[in-house]
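Structure assessment
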Amino acid sequence: MNIRSLTRGDGVVIGAAVLLLIASFLDIYSVEDAPDSLELPSLWGSGPVVFSVVLAGIVGAALIVVARGLPQPKKVVGLDLGQFGIAFTIFAAWSALGNVFDPASGVDNVGGGSDGPDLGLGLILALIATLIMAAAAVATPLVPALKGALIPAARPAAPQPYGGQPQGGYGYPGAQQQPYGGQPGQPGQPGQPFGGQPQPGQAQPQPQAPQQAQAQAQPAGDFSPFWFAVPVPRPLFAEDGSPTPIAELAPGTWYLAVEQRGANLVAQTQDGRRGVLQDTSGIQRG
């Protein structure tokens, strides 16, 4: 599970779930002029509230977060886990609203119809938490501000030129680098160190022909491999044009663009898989 794929909307859902958990330990009722010795139950003292509000909201938030962190979406009876999570959060908000309107759950209609207990702080916070949770779950795919990465992508330790390979990390295999200031020699001859003088008896490298020097100075093409990160999860499609994604690029992870095909990029993942990134809008170049 990649936590860097979580969005700001997922962060709001997590925060609302924490608030709901806190509210579940507060009083479900409030009674005017009640003596200090009177102990009122929390939300855990009501089975319908526990199952329809507390557990439904927490389970829905967990499904949304887990579905976002998985590399491939998991489906149950044809629906994604995230869709199940959204449905759970909406159900929890609806149930909390009903309990707020009638906290006594019909007890006030028994017998002489006396007024039942009033609304407690736990139910009020539970309603607020579930409304925030459901709103964030529904709005995250629609609002660009909520689509952004919850954890920003970490920049490389040192700036690398496009096509360079960070030290000790995953990178596109490139040519062996010469020492700083070194001069490439002929096969079998090491390059000279920066500012160094040739040692006695050491053969001088022959100057290359102008055509060869010009060919080496020119890049292999207009495109140079570079590192990039995506702002939101993006599917990576097979190079053969298959419509089924082979992987999902997650925010907060650096990938290597190895080729450009029109407006698309051929990207390579950490496990070596290559695919076509069709949506390149808003990518962050490293």
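Let us look at the structure shown here. Source: prediction; values computed, not measured. (Residues numbered from 1 in each chain as written. Predicted model: local features only at pLDDT ≥ 70, side-chain atom pairs only at ≥ 80, totals over all residues. Heavy atoms only, no water.)

With that settled, consider the overall build of the protein. Each helix and strand counted, the protein has six helices and eleven strands in total. Put simply, the protein has 286 residues, and 31% of those count as buried. Summarising the internal contacts of the protein: among those between residues at least 6 apart in sequence, 62% fall at separations of at least 24. (Helix = DSSP H or I, 4+ residues; strand = E, 2+ residues; numbered from the N terminus. Buried < 20%, exposed > 50% of the residue type's maximum accessible area, 1.4 Å probe, protein only. Contact = heavy atoms within 4.5 Å.)

Attention now goes to the side chain of Asp10. Looking at the element boundaries, Asp10 is found in helix H1 (residues 8-23). A polar side-chain atom of Asp10 sits 3.0 Å from the main-chain amide nitrogen of Thr7. Ignoring sequence-local partners within four residues, the contact set of Asp10 consists of Ile64, Arg68 and Thr140. (Polar contact = N/O pair within 3.5 Å; in protein donor to acceptor, adjacent residues only side chain to side chain.)

Ranked by size, the top nonpolar core spans 22 residues in total, and within it Val13 and Met133 carry the most contacts. Elements with a contribution of two residues or more to this core: H1, helix H2 (47-69), helix H3 (81-101) and helix H4 (121-139). For this core, the element with the highest residue contribution is H4, accounting for seven residues. Those residues in contact with Val13, other than ones at most four positions away along the chain, are Ala61, Ile64, Met133, Ala136 and Ala137. Among the nonpolar cores identified, the runner-up in size contains twelve residues, and Val230, Leu236, Leu249 and Ala250 belong to it. (Core = buried A, V, L, I, M, F, W, Y, C linked by side-chain atoms within 4.5 Å.)

Right, let's get into the layout of surface pockets. Approximately 500 Å³ is the volume attributed to the largest pocket. In this structure, the largest pocket is lined by 22 residues; those nearest its centre are Ala67, Arg68, Pro73, Asp80 and Glu248. Where the lining of the largest pocket is concerned, the elements lending two or more residues are H2, H3 and strand S7 (245-249). Top contributing element to the lining of the largest pocket by residue count: H3, with four residues. (1 Å grid on protein atoms, 1.4 Å probe; cavity = no way out; pocket = protein on both sides within 12 Å on 5 of 7 lines; lining within 4 Å. Points joined across faces, edges and corners; volume = space filled by probe spheres on them.)

Going through the model one piece at a time under the given rule, you end up with six salt bridges. For Glu259, the salt bridge is made with Arg274, and the minimal N-O distance between the two is 3.7 Å. Separated by 15 residues along the polypeptide, Glu259 in strand S8 (residues 255-261) and Arg274 in strand S10 (residues 274-277) bring together distant segments of the chain. Residue Glu259 is classed as partly exposed on the basis of its relative accessible area, which comes to 29%. Each of Glu239, Glu259, Arg261 and Arg274 takes part in a single network of salt bridges with overlapping partners. (Salt bridge = Lys/Arg side-chain N within 4 Å of Asp/Glu carboxyl O.)

Inspection of every chain in the model, using the stated rule, returns three aromatic pairs. Here the aromatic rings of Phe228 and Tyr255 are separated by 6.2 Å at their centres, their planes lie at 40°, and the arrangement is tilted. With Phe228 in strand S5 (residues 226-229) and Tyr255 in strand S8, this pair connects stretches of sequence that are 27 residues apart. Residue class for Phe228 comes out buried when judged on its relative accessible area of 0%. Connected via pairs of aromatic rings, a cluster forms that spans Phe226, Phe228 and Tyr255. We note Arg285 situated over the ring of Phe226; from NZ or CZ to the ring centre the distance is 3.7 Å. (Phe/Tyr/Trp six-rings, centres within 6.5 Å; stacked < 30°, edge-to-face > 60°. Lys NZ or Arg CZ within 6 Å of the ring centre and 35° of its normal.)

So, on to a nonpolar patch on the surface. On the surface, a nonpolar cluster with roughly 680 Å² of combined accessible area is contributed by Leu21, Phe25, Trp44, Phe51, Leu55, Val59 and Phe88. For the nonpolar patch, the leading source of residues is H2, giving three residues. With respect to the helices, strands and loops of the structure, Phe51 is situated in helix H2. Phe51 sits in the exposed class, given a relative accessible area of 61%. (Patch = residues over 30% accessible without salt bridge, like charges linked within 9 Å, V, L, I, M, F, W, Y side chains within 5 Å. Areas by Shrake-Rupley, 256 points an atom, 1.4 Å probe, with all protein chains shown as cover.)

The next subject is H3. Taking 1.5 Å as the rise per residue, H3 with 21 residues should run 30 Å; its terminal C-alpha atoms sit 31 Å apart, in good agreement. For H3, the set of buried residues is Leu81, Gly82, Gly85, Thr89, Ala92, Ala93, Ser95, Ala96, Asn99 and Val100. An end-on view of H3 places all buried positions within 165° of arc, on one side of the element. For H3, the exposed residues lying more than 90 degrees away from the buried face are Trp94 and Phe101. For H3, the elements touching its buried residues are H2, strand S2 (75-76), strand S3 (79-80), strand S4 (118-119) and H4. (Expected span 1.5 Å × (residues − 1). Arc of directions from axis to C-beta.)

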